[in-house]
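Summary of the model geometry
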Amino acid sequence: MWGAVAAISATIFGANAIVLIRALKGLHFSVIMSSFGAFALFQTLGFSWSLDVLCWPSCGVERFLIVLLALFSFAGQILLTLSLQLEQAGPVSIARSADIVFAFVWQVLFFQEVPNVFSVVGAILVTSCVILTGLRKWAMTLPHESSLKHALRILTK
């Protein structure tokens, strides 16, 4: 039950974050990132301390991986913030759902967990939605007299 509550809460808060970042599109991304980072730092320290799980990594490899995770997360958040400032929230949210496909691939590669039929069908649906959304956005930018736009007219309606 708590997993479902956490998943629904994360979805609600994630959707609100996307809408707020979109509403703040006039701000420089560094302002949003600084606020986000400060809030996340205090929240993480508070929860870690209250749950008594605050600790330092034990070896150099773990420390290196944590720094690498932080760098990639920071870069991903910057790119997400910039994309929400430049594009509508709908296409960005759909493209962001490609995380599901990456998690699916990582599950197979690193944990050797064989996916079931529902996982494969879900990954195919998510990937096809991302590709079709990108194709639609591209087809809408083509000149009106383009033969390629005429061929892709089903996407532009």
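Everything numeric here is computed off the predicted structure, so don't read it as measured data.

For the rest of this paragraph, the subject is the confidence of the model for the protein chain. A low pLDDT score tells you not to read the predicted coordinates there in detail. Model confidence for the protein chain is summarised by a mean pLDDT of 83, while 100% of its residues fall at 70 or above. Predicted confidence in the protein chain is weakest over helix H4 (residues 89-96), with a mean pLDDT of 74, and strongest over helix H2 (residues 29-50), with 87.

So, on to the domain arrangement of the protein chain. The assigned domain composition of the protein chain is domain 1 (1-85) and domain 2 (87-156). Using C-alpha coordinates to define each centre, domain 1 is positioned 25 Å away from domain 2. The interface is formed by 6 residues belonging to domain 1 together with 6 residues belonging to domain 2. Overall, the association of domain 1 and domain 2 removes approximately 530 Å² of surface from exposure, summing both partners, and the carbon and sulfur fraction of that is 63%. The interface formed by domain 1 and domain 2 includes 0 salt bridges. Connecting domain 1 to domain 2 are 0 residue pairs in polar contact (both at pLDDT 80 or more). Elements with a contribution of two residues or more to the side of domain 1 that touches domain 2: helix H1 (2-23) and helix H3 (60-86).

Centre distance and the angle of the planes are the two values used to describe a pair of aromatic rings. Counted by the stated rule, this structure contains 1 aromatic pair. With a centroid separation of 6.0 Å and 80° between ring planes, the pair formed by tryptophan 106 and phenylalanine 110 is classed as edge-to-face. Of this pair, tryptophan 106 and phenylalanine 110 both sit in helix H5 (residues 99-111), 4 residues apart, which is roughly one turn of that helix. In this structure tryptophan 106 comes out as partly exposed when scored by relative accessible area, which is 45%. Classification of phenylalanine 110 by relative accessible area gives exposed; the value is 54%.

Attention now goes to the UniProt feature "transmembrane region" (unreviewed entry) in the protein chain. What UniProt calls "transmembrane region" (unreviewed entry) maps, in this numbering, to residues 6-24, 31-51, 63-82 and 117-135. In the segment residues 6-24, helix accounts for 95% and strand for 0%; the C-alpha atoms at its two ends are 26 Å apart. This span, residues 31-51, is 95% helix and 0% strand, and a straight line between its end C-alpha atoms measures 30 Å.

What counts, and where the lines are drawn
Residues numbered from 1 in each chain as written. Predicted model: local features only at pLDDT ≥ 70, side-chain atom pairs only at ≥ 80, totals over all residues. Heavy atoms only, no water. pLDDT = per-residue confidence, 0-100. Helix = DSSP H or I, 4+ residues; strand = E, 2+ residues; numbered from the N terminus. Domains from an automatic or database assignment. Contact = heavy atoms within 4.5 Å. Buried area = accessible area lost by both parts, 1.4 Å probe. Salt bridge = Lys/Arg side-chain N within 4 Å of Asp/Glu carboxyl O. Polar contact = N/O pair within 3.5 Å; in protein donor to acceptor, adjacent residues only side chain to side chain. Phe/Tyr/Trp six-rings, centres within 6.5 Å; stacked < 30°, edge-to-face > 60°. Buried < 20%, exposed > 50% of the residue type's maximum accessible area, 1.4 Å probe, protein only. UniProt positions renumbered as here; feature names shortened; annotations may be inferred.

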